[in-house]
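What the coordinates show
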2 protein chains.
Amino acid sequence: MAETNRQWIFLKRPRGPVTEDMFELRRSRVAEPEAGEVLVRVELVSLDPANRSWMEPVPTYKPPVAPGDVMHSFAIGRVVDSRAEGFAVGDIVEGMLGWQDYAVLPAEAVRKRNPRHSLENLLGVLGITGLTAYYGLIEVGKIKPGETVVVSAAAGAVGTIAGQIAKLQGCRVVGIAGGPQKCAWIVNDLGYDAAVDYKSPDFTRELASAVAGGVDVYFDNVGGDIFEAIIPHLNIFGRIVACGALTNYNSEVALPGPRGLQIACIVKRLRMEGFIVLDYLETWDKAEAELVSWIDAGVLKPPVDVREGFENLPRNLIGLFNGTNMGKLMVRIT
Amino acid sequence: MAETNRQWIFLKRPRGPVTEDMFELRRSRVAEPEAGEVLVRVELVSLDPANRSWMEPVPTYKPPVAPGDVMHSFAIGRVVDSRAEGFAVGDIVEGMLGWQDYAVLPAEAVRKRNPRHSLENLLGVLGITGLTAYYGLIEVGKIKPGETVVVSAAAGAVGTIAGQIAKLQGCRVVGIAGGPQKCAWIVNDLGYDAAVDYKSPDFTRELASAVAGGVDVYFDNVGGDIFEAIIPHLNIFGRIVACGALTNYNSEVALPGPRGLQIACIVKRLRMEGFIVLDYLETWDKAEAELVSWIDAGVLKPPVDVREGFENLPRNLIGLFNGTNMGKLMVRIT
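On a predicted model such as this, the values are computed, not experimentally measured, just so you know.

Overview of the interface of chain B and chain A
Between chain B and chain A, the residue contacts involve 35 residues of the former and 35 residues of the latter. Buried surface at the junction of chain B and chain A, summed over both partners, amounts to about 2,800 Å²; 65% is from carbon and sulfur atoms. Summed over the three residues of chain B that lose the most area to chain A, namely Gln 262, Ile 266 and Met 272 of chain B, the buried surface amounts to 25% of that side. Applying the counting rule to chain B against chain A returns two salt bridges. Arg 269 of chain A is the partner of Asp 279 of chain B in a salt bridge, and the nearest nitrogen-oxygen pair spans 2.7 Å. Our enumeration of links across chain B and chain A arrives at eight residue pairs in polar contact (both at pLDDT 80 or more). Counting only elements with at least two residues in the side of chain B that touches chain A, the list comes to helix 7 (224–230), strand 12 (234–242), helix 8 (246–249), helix 9 (261–267) and strand 13 (271–274) of chain B. Among the elements that make up the side of chain B that touches chain A, the one with the highest residue count is helix 9 of chain B (six residues). Along the lines of polarity and charge, the residues of the side of chain B that touches chain A split into 20 nonpolar, nine polar and six charged. As defined by bridge partners, strand 13 (residues 271–274) of chain A adjoins strand 13 of chain B across three bridges and the pair is classed as antiparallel. Its bridge partner lying in strand 13 of chain B, Met 272 of chain A is registered against Met 272 of chain B.

What follows is the structure, encoded as structure tokens:
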């Protein structure tokens, strides 16, 4: 391979928000796959709030990214060289490819995907994002027709899919998003029954009015004050799907949990449960088939927010925490 | 009935801790039961942390006690007059009898109990206290043999039973209690594998050493700082049984939730779930039979802390929040 491999190197752990000086662009030779490995041309990189958690020194469900490593990320691309059985040049694969043009990985670390779908859909609604929304609502939240579901970060990657899935299951769905543009978008384009702008000075009153019948399931992507504001509205036997804690990720110290949670949990018999989509690996095919059927039927629209250019990876990750994206944020490696 | 009925009247809602001036002793005539009602001589009154919650103006799983009402409480006694089918003089019944010598209630508001057992056991281990420990561990915590279970307020009413049930299920059990006397007692007399004194200046280190292999189930009776201290030790797929929030009950304002809960919930896939023993009403007989079998076999010791005297009800309730009891606190009406 004559081409060079551009790589964004993670230089130092953040204390607080992510900044551009935490990354350095390096060029190296493209590595060659050894026996059992594949060489993948990275095409689309997924930017996710979880990326921030991986920068902490403590292991999560995967080892942390260490200073000096190529920045970790989930991504999708095409096999350009294979020394692994079952993988051929041109195959579409996804995995922890990282912020680089080319990745060499053992075959068992990538997953072959169906070329019938667009790369955007494979990485978004048919990837971890869509599955997170699906399992969070169906398996963790156990939503039932007629229930009221509130989704925070409703205009984000998971939120845009979660709201639509909850509607497809016959729920009333209220989204919480930042700013009138996002609020209008999730109602008019994505079918949310109502939207509440958390930046509004009247947020508390507007929330109360949007969820007047109480909340059965709160799909939490943010934690913090918004979670706290939901607690008084939760119905008996309400469920909190702990999917993300966006407001916590950039904090230097562990933030206090929401006020009133413990007593509400007891008195209202609430269940708060965290999950990671990887725990459901063995039923992914079935979930994907259901998501595909909804997309094919035109009842599930997967909004993607694709930015261009390898060099823009760090600033787009930073933008993610400032809420600049609408739908699933990904960067095309050009 | 010639006898007078002593009643402790709830005068005003607390802002913070309960104090004696919130109650007033009154005497009235003993009421006579009407059709469908029973007159019960109250014999043993249960004092429970939940009593404090009922003093708040917001309904919990039952309406609040209103200023001017006889103070609410769960209690057990004997029927002394009956105009209800199926109830005869001498029957032992339990229910929300309140802080008074005599209570008149509709028959459907009391439950007839088996006279084979002592009143203390009926009100404690075979009553709501024991059932709370049982359902909390078995149904909510879903404890499994070999798991490590931590119980807070381990020397209290529910804690003393919960620790023993967890041991009977093959778990390793660590109790958290206040002071060396309680800690020694739960290990030596109740079979806890280890005890940690939350009043010790070395609490954090002592806790870490007692739960070195991690915590699978945390049976939370207290909330607050102790809950927060447990979070880093919870294992993946750990469960938090939200049974009580003793540290919150006396607070004037809603206290912040434990720091780090939300991120830990996601990364470690924790489940935090509240429950109320009344939700399991239909299987109480089965649970009681299992508790009885353990008591009969001598493997479950139900510690009771019985105080004497109607006039001492308010000060004993206050004492409950100061941790003065070891085992189930009840007051004999003499």
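Description of the side chain of Arg 41 of chain B
All names here are of chain B. With respect to the helices, strands and loops of the structure, Arg 41 is situated in strand 3 (residues 37–46). Within the structure, the side chain of Arg 41 is placed 3.1 Å from the backbone oxygen of Asp 101, a separation counted as a polar contact. Sequence-distant contacts of Arg 41, defined by excluding residues within four places in its chain, comprise Gly 77, Arg 78, Val 80, Asp 101, Tyr 102 and Ile 333.

Remarks on the pairing of strand 10 (residues 194–197) of chain B
Residue and element names in this part refer to chain B. Note: strand 9 (residues 172–177) against strand 10, four bridges, orientation parallel. By the bridge assignment for strand 10, Ala 177 is matched with Asp 197. Once the chain exits strand 9 it traverses helix 5 (residues 180–188) before rejoining the sheet at strand 10, and the crossover so formed is right-handed.

Thoughts on the pairing of strand 5 (residues 92–95) of chain A
All names here are of chain A. Where burial is concerned, the two faces of strand 5 agree: the one with Ile 92 and Glu 94 and the one with Val 93 and Gly 95 are both buried. Two strands pair when backbone bridges link them, and strand 5 and strand 7 (residues 110–112) are joined in this way by three bridges, in the antiparallel orientation. Residue pairing for strand 7: Glu 94 is matched across the bridge by Arg 111.

Regarding the packing of aromatic side chains
Ring pairs (aromatic) are described by centroid distance and by the angle formed between their planes. In total, this model carries 14 aromatic pairs over all chains according to the counting rule given. Considering the side-chain rings of Tyr 135 of chain A and Tyr 280 of chain A, the 4.5 Å spacing of their centres and the 10 degrees angle between planes classify their relative orientation as stacked. Highlighted residues: Tyr 135 of chain A in helix 3 (residues 128–140) and Tyr 280 of chain A in the loop between strand 13 and helix 10 (284–296), separated in sequence by 145 residues. Chaining the aromatic ring pairs together yields one cluster made of Tyr 134, Tyr 135, Tyr 280 and Trp 294 of chain A. The aromatic ring of Phe 87 of chain A is capped on one face by Lys 112 of chain A, whose charged end is 5.5 Å from the ring centroid. Sitting over the face of the ring of Trp 54 of chain B, Lys 62 of chain B holds its NZ or CZ atom 4.4 Å from the ring centroid.

Structural notes on the domain arrangement of chain A
Residues and elements named next belong to chain A. Looking at chain A, the domain boundaries give domain 1 (4–124 + 302–332) and domain 2 (128–277). Relative placement of domain 1 and domain 2: their C-alpha centres are 28 Å apart. Each partner contributes to the interface: domain 1 provides 20 residues, whereas domain 2 provides 18 residues. With both sides pooled, the region where domain 1 packs onto domain 2 buries about 1,600 Å², and carbon together with sulfur makes up 61% of that total. It is Pro 303, Phe 321 and Met 326 that lose the most area in domain 1 upon contact with domain 2, and together they represent 30% of the buried surface on that side. One can count zero salt bridges joining domain 1 with domain 2. Viewed at the interface, domain 2 and domain 1 are joined by four residue pairs in polar contact (both at pLDDT 80 or more). Residues that form the side of domain 1 that touches domain 2 fall into these classes: ten nonpolar, six polar and four charged.

A short note on helix 4 (residues 157–168) of chain A
In an α-helix, one full turn covers 3.6 residues, which means residues spaced three or four apart are oriented alike. Residues and elements named next belong to chain A. In this model, helix 4 (twelve residues) spans 18 Å end to end at C-alpha, consistent with the 16 Å of a helix rising 1.5 Å per residue. In terms of burial, helix 4 is a largely internal element, ten of the twelve residues being buried. Immediately beyond the C-terminal end of helix 4, within one or two residues, lies Gly 170, with a positive phi of roughly 85 degrees.

Examining the nonpolar core
Within the largest apolar cluster, 53 residues are counted, with the highest numbers of intra-cluster contacts made by Tyr 218 and Met 272 of chain A together with Tyr 218 and Met 272 of chain B. Of all hydrophobic cores here, the second largest spans 39 residues; its members include Leu 137, Val 151, Cys 183 and Trp 294 of chain A.

Remarks on the packing of helix 3 of chain A against helix 10 of chain A
All names here are of chain A. Contact geometry of helix 3 with helix 10 gives a least axis separation of 10 Å together with a crossing angle of 95 degrees. Taken together, the axes of helix 3 and helix 10 lie roughly perpendicular to each other. Contacts from Ile 128, Gly 130, Leu 131, Tyr 134 and Tyr 135 in helix 3 reach Trp 284, Ala 287, Glu 288, Glu 290, Leu 291 and Trp 294 in helix 10. In terms of residue class, the contact of helix 3 with helix 10 is built from eight nonpolar, one polar and two charged.

Details of the pattern of salt bridges
Applying the stated rule across the entire model yields 46 salt bridges over all chains. A salt bridge links Glu 288 of chain B to Arg 113 of chain B; its shortest N-O distance comes to 3.0 Å. Of this pair, Glu 288 of chain B sits in helix 10 (residues 284–296) while Arg 113 of chain B sits in the loop between strand 7 (110–112) and helix 2 (119–123), placing them 175 residues apart in sequence. Since its relative accessible area comes to 6%, Arg 113 of chain B is described here as buried. We note a salt bridge from Arg 205 of chain B to Asp 202 of chain B, for which the minimum N-O separation is 3.2 Å. Assessed through its relative accessible area of 52%, Arg 205 of chain B is described here as exposed. Relative accessible area serves as the criterion here: at 35%, Asp 202 of chain B is assigned to the partly exposed category. Each of Glu 94, Arg 111, Arg 113 and Glu 288 of chain A takes part in salt bridges that share partners, so that together they form one network.

Regarding the state of the cysteines
All chains considered together, the criterion is met by zero disulfides over all chains. Free cysteine: Cys 171 of chain B, not disulfide-bonded; nearest cysteine sulfur from Cys 243 of chain B at 16 Å. We note that Cys 265 of chain B lacks a disulfide partner, and the nearest cysteine sulfur, in Cys 265 of chain A, lies 9.3 Å from it.

Describing empty space enclosed by the protein
Summary: where empty space remains is shown by rolling a probe the size of a single water molecule over the atoms. All told, the structure shown has two cavities of 30 Å³ or more when counted by the stated rule. Gly 124, Val 125, Thr 129, Ala 157, Thr 160, Ile 161, Pro 302, Pro 303, Val 304 and Lys 328 of chain A are the residues that line the largest cavity. Ranked by residue count, the leading element in the lining of the largest cavity is helix 4 of chain A, at three residues. When residues of the lining of the largest cavity are sorted by domain, at least three fall in each of domain 1 (4–124 + 302–332) and domain 2 (128–277) of chain A. Space inside the second largest cavity adds up to approximately 30 Å³. What lines the second largest cavity is Gly 124, Val 125, Thr 129, Ala 157, Ile 161, Pro 302, Pro 303, Val 304 and Lys 328 of chain B. Split by residue class, the lining of the second largest cavity holds six nonpolar, two polar and one charged.

Cut-offs and rules
Residues numbered from 1 in each chain as written. Chains lettered and ligands numbered in written order. Predicted model: local features only at pLDDT ≥ 70, side-chain atom pairs only at ≥ 80, totals over all residues. Heavy atoms only, no water. Contact = heavy atoms within 4.5 Å. Buried area = accessible area lost by both parts, 1.4 Å probe. Salt bridge = Lys/Arg side-chain N within 4 Å of Asp/Glu carboxyl O. Polar contact = N/O pair within 3.5 Å; in protein donor to acceptor, adjacent residues only side chain to side chain. Helix = DSSP H or I, 4+ residues; strand = E, 2+ residues; numbered from the N terminus. Nonpolar A, V, L, I, M, F, W, Y, C, P; charged D, E, K, R; others polar. Pairing = 2+ DSSP bridges. Right-handed = clockwise from strand over helix to strand, strands pointing away. Buried < 20%, exposed > 50% of the residue type's maximum accessible area, 1.4 Å probe, protein only. Phe/Tyr/Trp six-rings, centres within 6.5 Å; stacked < 30°, edge-to-face > 60°. Lys NZ or Arg CZ within 6 Å of the ring centre and 35° of its normal. Domains from an automatic or database assignment. Expected span 1.5 Å × (residues − 1). Core = buried A, V, L, I, M, F, W, Y, C linked by side-chain atoms within 4.5 Å. Axes fitted to C-alpha atoms, helices over the stretch in contact; angles between N-to-C directions. Parallel < 35°, antiparallel > 145°, perpendicular 65-115°, else oblique. Disulfide = S-S within 2.5 Å. 1 Å grid on protein atoms, 1.4 Å probe; cavity = no way out; pocket = protein on both sides within 12 Å on 5 of 7 lines; lining within 4 Å. Points joined across faces, edges and corners; volume = space filled by probe spheres on them.

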